[in-house]
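# Breakdown of the fold
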Amino acid sequence: MTVNSSAIEGREILWFNNTLVIVHLSSATGDDGICVVEHHMPYGDSPPLHVHRQEDEVFHILRGRMRFSIGGIERIAGAGETVIAPKGLPHTFRVDSHEGAHCLTITRGSDFESLLRQMSRPAEELKLPPQAAPTPEAISALTDCCAKNGIDIVGAPLL
């Protein structure tokens, strides 16, 4: 999966775990603290079940299909659909389309954005990073960083 580089000049481009993320709008930009991040994710990608203490998380799917679990209720969403994971509700998702998925994540506040910056590395290319299974050390580091940024890991990724 590669990305159209003409759409991202001047943006922060990062590799976050096995995904490519592009920060289009930082929470520091406006008074309301809105953050818009573009995600390119491989088939099967699934974050651990987690809870945002202070931010709703809005997903707008641009391409692909994603299976969400929000507050114990599962739903599938595809291109053109928008899903909200309200703060305080455990949620996760899984990329179910073999070609991967592409979505925007919108939050109000800096918790999620700070986590991305702290746990990512600069992208070496405009494509997905080399895929790797998380190590116990990486899982521990992610759990600790999430907790410091108002996000609690409460369960496993979707299988």
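Conventions used here
- Residues numbered from 1 in each chain as written.
- Predicted model: local features only at pLDDT ≥ 70, side-chain atom pairs only at ≥ 80, totals over all residues.
- Heavy atoms only, no water.
- Helix = DSSP H or I, 4+ residues; strand = E, 2+ residues; numbered from the N terminus.
- Rg over C-alpha atoms; globule rule 2.2 N^0.38 Å.
- Buried < 20%, exposed > 50% of the residue type's maximum accessible area, 1.4 Å probe, protein only.
- Contact = heavy atoms within 4.5 Å.
- Areas by Shrake-Rupley, 256 points an atom, 1.4 Å probe, with all protein chains shown as cover.
- Lys, Arg positive; Asp, Glu negative; His and termini not counted.
- Charge placed at Lys NZ, Arg CZ, Asp CG, Glu CD.
- Pairing = 2+ DSSP bridges.
- Axes fitted to C-alpha atoms, helices over the stretch in contact; angles between N-to-C directions.
- Expected span 1.5 Å × (residues − 1).
- Arc of directions from axis to C-beta.
- Phe/Tyr/Trp six-rings, centres within 6.5 Å; stacked < 30°, edge-to-face > 60°.
- Lys NZ or Arg CZ within 6 Å of the ring centre and 35° of its normal.
- Salt bridge = Lys/Arg side-chain N within 4 Å of Asp/Glu carboxyl O.
- Polar contact = N/O pair within 3.5 Å; in protein donor to acceptor, adjacent residues only side chain to side chain.
- Left-handed = near helix turned anticlockwise from the far one by under 90°.

### Overview of the overall build of the chain
Helix and strand content of the chain: 2 helices and 12 strands. Seen in sequence order, the chain has helices and strands lined up from the N terminus as β-β-β-β-β-β-β-β-β-β-α-β-α-β. Here the C-alpha radius of gyration of the chain, 14 Å, is about what a compact globule of 159 residues would show, namely 15 Å. Overall, the C-alpha framework of the chain stretches about 40 × 40 × 35 Å when taken along its three principal axes. Counting across all 159 residues of the chain, residues that qualify as buried make up 45%. Partitioning the contacts of the chain with sequence separation of at least 6, the portion at a separation of at least 24 is 73%. About 8,000 Å² of surface is accessible on the chain, with carbon and sulfur atoms providing 55% of the total. With 13 positive and 20 negative side-chain charges, the chain shows a spacing of 3 Å between the two charge centroids.

### Focus on the sheet that holds strand E10 (residues 101–108)
The antiparallel open sheet is built from 7 strands, whose spatial order is E8-E5-E10-E3-E2-E1-E11. Here the strands that pair on one side only, and so sit at the sheet edges, are strand E8 (82–85) and strand E11 (121–122). Where strand E1 (residues 12–16) meets strand E2 (residues 19–25), 5 bridges bridge the pair, whose relative direction is antiparallel. Bridging from a neighbouring strand, Ile13 pairs with Ile22 of E2. Each of E1, E2, strand E3 (34–41), strand E5 (57–63), E10 and E11 touches helix H1 (residues 111–119); the most contacted strand, E1, lies at about 75° to it.

### A closer look at helix H2 (residues 136–148)
The terminal C-alpha atoms of H2, which comprises 13 residues, lie 19 Å apart, in line with the 18 Å expected from a rise of 1.5 Å per residue. Taken as a whole, H2 has its buried residues at Leu142, Cys145 and Cys146. Seen from one end, H2 has its buried residues packed into an arc of 105°, which puts them on one side. The exposed set on the far side of H2, more than 90 degrees from its buried face, consists of Pro136, Glu137 and Lys148. At its buried positions, H2 is contacted by E1, H1 and strand E12 (151–153). Once H2 ends, the next one or two residues include Gly150, with phi positive near 75°.

### Notes on the side chain of Asp111
Along the chain, Asp111 turns up in helix H1. The residues contacting Asp111, other than those within four sequence positions of it, are Gln54, Glu55, Asn149 and Gly150.

### Re the packing of aromatic side chains
Inspection of every chain in the model, using the stated rule, returns 3 aromatic pairs. Through a chain of ring-to-ring contacts, the aromatic side chains of Phe59, Phe68 and Phe93 assemble into a single cluster. The side chain of Arg94 reaches across the aromatic face of Tyr43, ending 5.2 Å from its centre.

### Looking at the side chain of Glu55
Tracing the backbone shows Glu55 in the loop between strand E4 (50–52) and E5. No salt bridge is formed by the buried Glu55. Its closest oppositely charged neighbour is Arg108, at 9.1 Å. Only 3.0 Å separates the side chain of Glu55 from the backbone nitrogen of Asp111, close enough to count as a polar contact. A distance of 3.0 Å separates the side chain of Glu55 from the backbone nitrogen of Phe112, its partner in a polar contact. If sequence neighbours within four positions are ignored, Glu55 has contacts with Ala85, Lys87, Thr107, Arg108, Gly109, Ser110, Asp111 and Phe112.

### Section: the packing of H1 against H2
Where H1 contacts H2, the axes come no closer than 9 Å and their chain directions differ by 145°. Handedness of the H1/H2 crossing: right-handed. From H1, Leu115, Gln118 and Met119 reach across to H2, where they touch Ala141, Leu142, Cys145 and Cys146.

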